[in-house]
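Fold and contact review
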Amino acid sequence: MGKKNKDGNTNVSMDDIQGFINIWKTFSEILNNSLEKNDISKEEEDAFLEIKTQIARKQAILASSGLFGQGRLGEEILGVTSQVVSLQDAKEISPTQIKRIKGEWHTIYLSLNSIV
């Protein structure tokens, strides 16, 4: 992900956006898989936390590109990831809240795909 243009925004390519979408999908896959398991391994937890870190970094770059407009989409992305602190904590979230998180995730996924 790229350099600043003359307007001070970061240049991003469609590959950058598609890469972010892939990371966003991985976040969901790891979360969904963990909710079906009784035990979470340290490796799974570490992978999840690394995906959250990647999302935060790349979201900041995409937001600085002006791609997310006034920042609403970027804030929504961080809102979803902040609701799930860890995979172990996800097991303590109510089914209603998990359903809402999944709905928010899906809405963001559609928004991201509309950019591509």
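Presented here is a report on the structure given in the accompanying data block. Note that the structure is a prediction, hence the values are computed from the model and not measured.

Counting its regular elements, the protein contains five helices and zero strands. The helix and strand sequence of the protein, counted from the amino end, reads α-α-α-α-α.

In this model, helix α5 (residues 95–115) (21 residues) spans 31 Å end to end at C-alpha, consistent with the 30 Å of a helix rising 1.5 Å per residue. Among all positions in α5, only Ile98, Ile101, Trp105, Ile108 and Leu112 are buried. Axial view of α5: buried residues confined to an arc of 90°, hence all on one face. Among the exposed residues of α5, those pointing more than 90 degrees away from its buried face are Pro95, Thr96, Lys99 and Ser114.

What follows is about the pattern of salt bridges. Taken as a whole and judged by the stated rule, the model has four salt bridges. Residue Glu44 pairs with Lys37 through a salt bridge whose shortest N-O separation is 2.0 Å. On the basis of relative accessibility, which here comes to 24%, the residue Glu44 falls in the partly exposed class. Where Lys42 meets Asp46, a salt bridge forms, and the shortest distance between an N and an O atom there is 2.9 Å.

Interhelical geometry of helix α1 (residues 14–35) versus helix α3 (residues 72–83) gives an angle of 25° and a closest axis separation of 12 Å. Looking at the two axes, α1 sits roughly parallel to α3. Our pair here, α1 against α3, has a crossing hand that is left-handed. Note on element contacts: α3 touches α1 through Ile77, Val80 and Thr81, opposite Phe20, Trp24 and Phe27.

Cut-offs used in this document
Residues numbered from 1 in each chain as written. Predicted model: local features only at pLDDT ≥ 70, side-chain atom pairs only at ≥ 80, totals over all residues. Heavy atoms only, no water. Helix = DSSP H or I, 4+ residues; strand = E, 2+ residues; numbered from the N terminus. Expected span 1.5 Å × (residues − 1). Buried < 20%, exposed > 50% of the residue type's maximum accessible area, 1.4 Å probe, protein only. Arc of directions from axis to C-beta. Salt bridge = Lys/Arg side-chain N within 4 Å of Asp/Glu carboxyl O. Axes fitted to C-alpha atoms, helices over the stretch in contact; angles between N-to-C directions. Parallel < 35°, antiparallel > 145°, perpendicular 65-115°, else oblique. Left-handed = near helix turned anticlockwise from the far one by under 90°. Contact = heavy atoms within 4.5 Å.

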